Amino acid sequence: MQWESSEARFQEKIDQEIKIEPKDWMPEKYRQTLIRQISQHAHSECVGMLPEANWITRAPSLRRKAILIAKVQDEAGHGLYLYSAAETLGISRDEMYDQLHSGKAKYSSIFNYPTLTWADMGAIGWLVDGAAIMNQVPLCRTSYGPYARAMVRICKEESFHQRQGFELLLHLSKGNEAQRRMCQDAINRWWWPSIMMFGPTDDASPNTQQSMKWKIKRFTNDELRQKFIDVCAEQVKFLGMTLPDPDLKWNEERGHYDFGTINWEEFWQVIGGNGPCNQQRLDTRKKAWEEGAWVREAAAAYAEKKKARTPVQQIA
Amino acid sequence: MSQTMIQYEGKIAQIVQEDPMLQFLLYAGDNALITGHRCSEWCGHGPILEQDIAISNIALDYIGAARNFYQLAATRIQAKDPSLEVTEDTLAYLRDAWDFKNLLIAELPNGDWAQTTIRVYFISSFQWLFYQQLTQSSDADVAAIAEKTLKEVKYHLRWSREWVIRLGDGTEESAKRLRQALTFLWPFTGEAFKEASYETATSSATTIQLAKLHELWKQELQEVFAEAGLEVPTQQAFQSGGKTGKHTEYLGYILAEMQFLQRAYPGASW
Amino acid sequence: MIRKFYYGDYGESKHGAADISTTNQNKHEWPLWEVFIRSKQGLDHKHAGSLHAADAAMAIENARDVYTRRQEGVSIWVVESKHIHASNPDEAGSFYDPASDKVYRHPTFYDLPDELQYM
């Protein structure tokens, strides 16, 4: 088979919406792009457990505590699905961890912000998970089979996350004065970082085009961001709260909400490692991994011993 | 504030004081809550993602079991005095250390993975026997909770038993750590079998015979320890007090953390 | 400078791209297992995903925790991924096309009266 025709056949499959599977021929750049995107996504889930796990022991009721544990546990599950998807592309999970721990691999900058009050659990569910869902739903149709399948599973579970978050805020919004203040404060702190989650504007993203052609990505950052803002601007009314953007207003002509300027300087600072919790999050992950090393080794050693002790069955 | 301040002190405490079955329910609930609390501290910090999920599941089971016992206790307290507002959260969040009845072993720090897993093993191997007997209880509500919880405990026992064996028979380091954990925890393993007054008073309803449980438990330990290459300590497991509200210092910190919001914003609903 | 941005993709860091495998398998890594789950109503075990476990017992337990958190299954199979043999995707044509003209295998091939229910 000609090399050129492999590339052509690959693109043909993509165009016909046929999923690319692990052993299919794929351009090296496609493979690398996927490994990077999927592993970053996996790391985000994993690091994303921390700001919320933070509050498990402090959850204000047993019902909320159970919900929060289940949610953080889901995130671990999502990380696991995604690492598995990336592993089909020929990289091991240990290697991906190494890349995370050495600072080589990145993860969503949103998790480098601190969770200060209980209301942050609600704001994360509503805004952060909401933004994630908006991004992730199109990824269920992404061209790489294992990634698409992982995303289908994840999206099903994510809607519980967003709903519980909104319900939590709704409850606070109907509570006492302190609770209402706590609710607004959390929205104020999480709003801008959430809309930054969609990434830089389209005109600063030259490679979006390639990714769209390969159907790894199906909408541009700006399209998704606008959609998210339109939805949230309406939802916030149910809470009787406001979004911290004086420029936010409905534009009849565009059929969308206009919004203020995003502070990209902050975005790049946080991405570059200078967010309020970058060091803390990474240290926590590293510590868990390093302190778990002897556990993993022990289990592997035990499995080996057990295998050696069990004689291979002879077929008579 | 116009809302009535919900509190445990006074009427509720008095009702509990007079009813050994309520004390028994709190004992069972507190064991579950505090064990669950400790397990939940691992969430996000486990040695590998898969085990992080496993121990979070166990935490979730324990919190669920605690809720069942507290809800039953709350319903019964309220039945005695309908003017009282008692929920599961009153019992979890508004009692202080001296009112908690959990076993001391549940509140000790997690330590490393060896200490955590062998602790879960000690607790779940006891609970496996405890709940089996409790399913026979003449108190139908209690028997129903036991039935449900038993299924979960079976899994906790299997999981922790495998870890104890795995670490005991794994590497030199894991065996050493496991032995250290055993030495640390052993003195606290006897308390479950020392009958508190509310256990004596309810024993005909609960059908629990602690002496018999103790014998069965020792057998279980013999088998698993043999496989893990551990020796069952001959030293007496003398530590006790939790069942009657005499705790270690660790519990105060657990409650300070757990009850923070309920204490900081009294009467608020979450 | 070219930056590539996809969702959840913040480009390469100053340490270089984190997108390729640089070493072979890590020797301490627990093996990868494929998980198959049969749901309550299902007749077949379906591939649910994969996970890492030190041995089969652990793999089954983990599978329960990871893939049946919402009561998705009643039966679990696990098999070490290295034992899975797959058809070559490039031969997908010759492998599966012959079946595509055997439409009679599919229930929708049979045109039955609308009034006939539950079939």
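You'll find the structure just up there.
As a convention, each chain's residues are numbered from 1 in the sequence order in which they are written. Written order decides the labels, with chains lettered from A and ligands numbered from 1. In keeping with the model being predicted, local features are shown solely for residues with a pLDDT of at least 70 and side-chain atom pairs are shown and tallied solely at 80 or more, while totals for entire chains, interfaces and linings include all residues. Values reported for side chains reflect all heavy atoms of the structure, with hydrogen atoms and water molecules removed beforehand.

This next bit is on the overall build of chain A. Numbering goes from the N terminus for both helices and strands, where a helix is a DSSP run of H or I of at least four residues and a strand is a run of E of at least two. Scanning chain A from terminus to terminus reveals twelve helices and two strands. Reading the secondary structure of chain A in the N-to-C direction produces α-α-α-α-α-α-α-α-α-β-β-α-α-α. Values of the radius of gyration come from C-alpha atoms, whereas the globule rule sets the reference at 2.2 Å times the count of residues to the power 0.38. For a compact globule of 316 residues, the expected C-alpha radius of gyration is about 20 Å, and chain A comes in at 22 Å, within 12% of that figure. The C-alpha extent of chain A, read off along each of the three principal axes, is 75 × 50 × 35 Å. What makes two residues a contact is simply this: any of their non-hydrogen atoms within 4.5 Å. If you take every contact in chain A between residues at least 6 apart in sequence, the share linking residues at least 24 apart comes to 76%. Residue-level accessible areas treat just the shown protein chains as cover; the underlying method is Shrake-Rupley with a 1.4 Å probe. Roughly 12,800 Å² of accessible area belongs to chain A as shown, and the carbon and sulfur atoms make up 54% of that amount. Each charge class in chain A can be summarised by its mean position, and for the 42 positive and 41 negative side chains these summaries are 6 Å apart. Residues scored as positive are Lys and Arg, those scored as negative are Asp and Glu, and His as well as the terminal groups of each chain are ignored. For this purpose, a charge sits on NZ of Lys, CZ of Arg, CG of Asp or CD of Glu.

Counting residues at the interface gives twelve residues for chain B and eleven residues for chain C. Here, a salt bridge means any side-chain nitrogen of Lys or Arg that lies within 4 Å of a carboxyl oxygen of Asp or Glu. Between chain B and chain C we count two salt bridges in total. A salt bridge links Glu61(C) to Arg158(B), with the nearest nitrogen and oxygen atoms 3.4 Å apart. Think of a polar contact as two N or O atoms within 3.5 Å of one another; within protein, one of them needs to be a possible hydrogen donor and the other a possible acceptor, and neighboring residues in sequence only count if both atoms come from side chains. Where chain B meets chain C, there are four residue pairs in polar contact (both at pLDDT 80 or more). Only helix 3 (49-80) and helix 7 (140-168) of chain B provide two or more residues apiece to the side of chain B that touches chain C. At six residues, the largest contribution of residues to the side of chain B that touches chain C is made by helix 7 of chain B.

With that out of the way, let us pick up the pattern of salt bridges. All names here are of chain A. Counted under the stated rule, the structure contains 36 salt bridges over all chains. Lysine 71 is the partner of glutamate 75 in a salt bridge, and the nearest nitrogen-oxygen pair spans 3.3 Å. Placement of the pair is glutamate 75 and lysine 71 together in helix 3 (residues 62-87), with a separation of four residues, close to one helical turn. Burial here depends on accessible area, computed with a 1.4 Å probe over protein chains only, as a share of the maximum for the residue type. Under 20% is buried, over 50% is exposed, and the range in between is partly exposed. The buried category is assigned to glutamate 75, whose relative accessible area is 4%. Given the relative accessible area of 0%, lysine 71 is considered buried. Overlapping salt bridges bring together Glu52, Lys71, Glu75 and Asp129 as one network.

Looking now at the nonpolar core. With 211 residues, the main nonpolar core has Tyr30(A), Trp126(A), Ile118(B), Phe122(B), Phe126(B) and Leu51(C) as its most contacted residues. Broken down by element, this core gets its largest block of residues, 17 residues, from helix 3 of chain B. What Tyr30(A) contacts, discounting residues up to four positions off in sequence, is Phe10(A), Ile14(A), Ile20(A), Ser143(A), Tyr144(A), Trp214(A) and Ile216(A). Side-chain atoms within 4.5 Å are what join buried Ala, Val, Leu, Ile, Met, Phe, Trp, Tyr and Cys residues into a set we call a nonpolar core.

Before going further, it helps to spend a moment on helix 12 (residues 293-309) of chain A. Compared with the 24 Å implied by 1.5 Å per residue over 17 residues, the 24 Å span of helix 12 of chain A between its first and last C-alpha is a close match. Within the span of helix 12 of chain A, buried status applies to Trp294(A), Val295(A), Arg296(A), Ala298(A), Ala299(A), Tyr302(A) and Ala303(A). Contacts from the buried residues of helix 12 of chain A go to helix 11 (278-291) of chain A, helix 6 (113-134), helix 7, helix 8 (172-185) and helix 10 (210-228) of chain B together with helix 1 (56-67) of chain C. What a helix is expected to span follows from its residue count: subtract one and scale by 1.5 Å.

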